[in-house]
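Residue-level structure breakdown
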Amino acid sequence: MSEKKLFPVTVVGSWPRPAWLIQALRKRQASGCAESEFQAVADRAVVECLDAQEKAGVDIPSDGEQRRDNFYSFVVEKLGGMRLMKVSELMDYMKDRARYEEVLRALDVPAFAIKSPIVVERLTEKNGLAQDEVDFAKKHTTRPLKVPLPGPYMLTRSSWFEGLSDKVYGAPEELAKDVVKILRKEVQALKAKGVEFIQFDEPILSQIVYGAESTETFMCAALPNRRDPSDELALAVRLMNETTEGIDGVRFGVHVCRGNWSRKEEVLLKGNYGPMLPYLMQMNIHQLVLEFATPRAGELEVFKEYKNEKEIGLGVVNPRTDEIETPEQIVARVKELAKFYDPEKIFLNPDCGFGTFAERNVNTAEIATKKMAAISEAAKQLRGEFQGKAAAS
Ligand SMILES: [Zn+2]
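Residues numbered from 1 in each chain as written. Predicted model: local features only at pLDDT ≥ 70, side-chain atom pairs only at ≥ 80, totals over all residues. Heavy atoms only, no water.

1. So, the coordination of the zinc ion
Cut-off, in case you're wondering: Distances decide who is a donor: an N, O or S atom must be within 2.8 Å of the metal, or within 3.2 Å for Na, K and Ca. Water is not included, so sites may look incomplete. Each helix is a run of H or I in the DSSP string that is no shorter than four residues. Each strand is a run of E no shorter than two, and both are numbered from the N terminus. Buried, partly exposed and exposed residues are distinguished by accessible area as a fraction of the type maximum, computed with a 1.4 Å probe on protein chains only: under 20%, between the cut-offs, and over 50%, respectively.
Those protein atoms acting as donors to the zinc ion are His255 (NE2), Cys257 (SG) and Cys352 (SG), and they sit at 2.1 to 2.2 Å. Written as a sequence motif, the donor residues of the zinc ion are H-x1-C-x94-C. Of the two residues, His255 sits in strand β5 (residues 251-256) while Cys352 sits in the loop between β8 (346-350) and α13 (365-392), which places them 97 residues apart along the sequence. Both residues of the pair, His255 and Cys352, count as buried.

Right, here's the structure in full:
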């Protein structure tokens, strides 16, 4: 334990996709162009993004989700029984289309650019969800890898759509059984491949807690009419624990942010993590990967009540701005937490990915690299200070 490197630097998942990759992705989606053609282009993008992360000093890189359309829709390529549908197409099946359009406008969501994986038949497995990504990435980096996966709650909720899915799965809970089965198998396979860190993305939870009136979210057009938020959160906890039950030897994290689809801060959800923490703490996972780089995220003090219970993946840079945070700013933020939280339990990461949706990079690779380098520099300074302290005591 004592020689453990403090403040490991990692990413949340996605890295900006180069224009030539987005072009290849579009071509593949439109014409079903040769899979090998697309994969060759994506290989190049993954190598470039691993290289950029290594140069920026990232200790636990990801493959940048370069092969994915977005962080949950990519499963459509990996599982049988799903169809990739644009949010704008789903509108035709919506009971209250006008209201939904209003929600999208208010949130600045590009309905034509964001796609959801919708279940239309019983789910069947092919060759895993991220195993091919890991096989390739491992050939191009010796660093431990983080693999983001859609969380069981989000995968269930975003892909069950009334009028399309209910003929096969009568209710989301029925679909959840297959989702959990598939994720458990995946996690075990990734662990066998030596993956260090598996992060489940559960951003819909923030819509439930912070999304005022509207129960719909663009990621989850089908959230049924006002279910009790605490029931939804309890379901998310149960599904997570069923997914990870009895599996050790790999670090599990859950990532919840409050929006990464727009650069307009005012349309993104806000509020501190307080109301959500009682639920997140019940999840049998090691780390909470949370945003803390903007005032929207609220105070770090919410963790005082849950001191050292879990590792915190602390968001210290905003992926959506051009301005590069200084190492000094980052160090100061980390120290606020380290005042009352065990430094051995603090990881450093950006608030979210740099390119969540393929059609809407939130930043450029150049700025992403600079921001990650600033985090690494801050980590170096912090290690000097805290590792020294540990040795002296
Ligand atoms: Zn995020």
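Having seen it, we continue.
2. A short note on the nonpolar core
Definition in use: Here, nonpolar core means buried Ala, Val, Leu, Ile, Met, Phe, Trp, Tyr and Cys residues that are tied together by side-chain atoms lying within 4.5 Å of each other. Any two residues whose heavy atoms approach within 4.5 Å at even a single point are treated as in contact.
Formed by 107 residues in total, the largest nonpolar core has its most connected members in Leu149, Leu205, Leu280 and Phe303. In this structure Leu205 touches Tyr153, Leu233, Ala236, Val256, Met276, Leu280 and Met283, once residues within four positions along its chain are discounted.

3. Points about the pattern of salt bridges
For the record, the criterion: A side-chain nitrogen of Lys or Arg and a carboxyl oxygen of Asp or Glu constitute a salt bridge if their distance falls within 4 Å.
Taken as a whole and judged by the stated rule, the model has 24 salt bridges. Where Asp178 meets Arg122, a salt bridge forms, and the shortest distance between an N and an O atom there is 3.6 Å. Taken together, the residues span a long stretch of sequence, with Asp178 in helix α8 (residues 172-192) and Arg122 in strand β2 (residues 115-125) at a distance of 56 residues. Using a relative accessible area of 14% as the deciding quantity, one classes Asp178 as buried. Among the residues examined, Arg122 registers a relative accessible area of 47% and is labelled partly exposed. Residue Glu325 pairs with Lys371 through a salt bridge whose shortest N-O separation is 3.0 Å. Placement of Glu325 in the loop between β7 (311-317) and α12 (327-338) and of Lys371 in helix α13 is noted, with a sequence separation of 46 residues between them. Connected through shared salt-bridge partners, Lys5, Asp59 and Arg383 make up one network.

4. Considerations on the sheet that holds β5
Formally: Any two strands between which DSSP finds at least two bridges are classified as paired. Interaxial angle, 0 to 180 degrees, is taken between N-to-C directions of lines fitted to C-alpha atoms, where a helix line uses only the stretch in contact.
Taken together, six strands build an open sheet; the order of strands is β3-β4-β5-β6-β7-β8 and the sheet is parallel. Both outer strands of the open sheet, β3 (146-150) and β8, are each paired with one neighbouring strand and no more. Each strand of the sheet is rotated relative to its neighbour by a mean of 25°, with strand direction disregarded. Relative to strand β6 (residues 287-290), β5 runs parallel, the two sharing four bridges. For Gly253, the partnering residue across the bridge sits in β6 and is Gln287.

5. Comments concerning the side chain of His255
Given the relative accessible area of 3%, His255 is considered buried. Dropping the residues within four chain positions of it, His255 is found in contact with Val12, Gln199, Phe200, Asp201, Glu202, Pro203, Val289, Asp351 and Cys352.

6. Digging into the confidence of the model for the protein chain
Our working definition: The quantity known as pLDDT measures the predictor's confidence residue by residue, on a range of 0 to 100.
On average, residues of the protein chain carry a pLDDT of 88, and 87% of them reach 70 or more. Per-residue pLDDT stays below 50 along residues 221-226; that stretch engages in 16 contacts with residues further than four places along the chain or on separate chains.

7. Focus on unusual backbone geometry
Phi is positive for Phe7, close to 50°, though the residue is something other than glycine. Among the structural elements, Phe7 can be located in the segment before α1 (19-31). The exposure class assigned to Phe7 is buried, which follows from its relative accessible area of 0%. Here the phi dihedral of Asn308 falls at roughly 60°; this positive angle occurs in a residue that is not glycine. The topology assignment puts Asn308 in the loop between β6 and β7.

8. Topic: the environment of Ser116
By the element assignment, Ser116 lies in strand β2. For the pair Ser116 and Val76, spaced 40 residues apart in sequence, the C-alpha to C-alpha distance is 8.7 Å.

9. Considering helix α7 (residues 152-159)
Buried residues dominate α7, accounting for eight of its eight residues. The complete set of buried residues in α7 reads Pro152, Tyr153, Met154, Leu155, Thr156, Arg157, Ser158 and Ser159.

10. Considerations on the environment of Gly81
Note on placement: Gly81 falls in strand β1 (residues 79-86). With relative accessibility at 17%, the residue Gly81 sits in the buried group. The sequence separation of Gly81 and Ser165 amounts to 84 residues, and the corresponding C-alpha distance is 9.8 Å.

11. Points about the packing of aromatic side chains
So the rule is basically this: Only the six-membered ring of Trp is used, alongside the rings of Phe and Tyr, when aromatic pairs are assigned; centres must lie within 6.5 Å, and planes under 30 degrees apart are stacked while those over 60 apart are edge-to-face, with the rest tilted.
If you walk through the whole model with that rule in mind, you get ten aromatic pairs. Relative to Phe161, the ring of Tyr93 lies with its centre 6.5 Å away and its plane at 85°, an arrangement referred to as edge-to-face. Here the residue Tyr93 occupies a position in the loop between α4 (87-90) and α5 (97-107), and Phe161 occupies one in the loop between α7 and α8, the gap between them amounting to 68 residues. The class for Phe161 is buried, based on a relative accessible area of 4%. Arranged with centres 6.3 Å apart and planes meeting at 90°, the rings of Phe197 and Phe347 form a pair that is edge-to-face. You can see Phe197 sitting in strand β4 (residues 197-201) and its partner Phe347 sitting in strand β8, a full 150 residues away along the chain.

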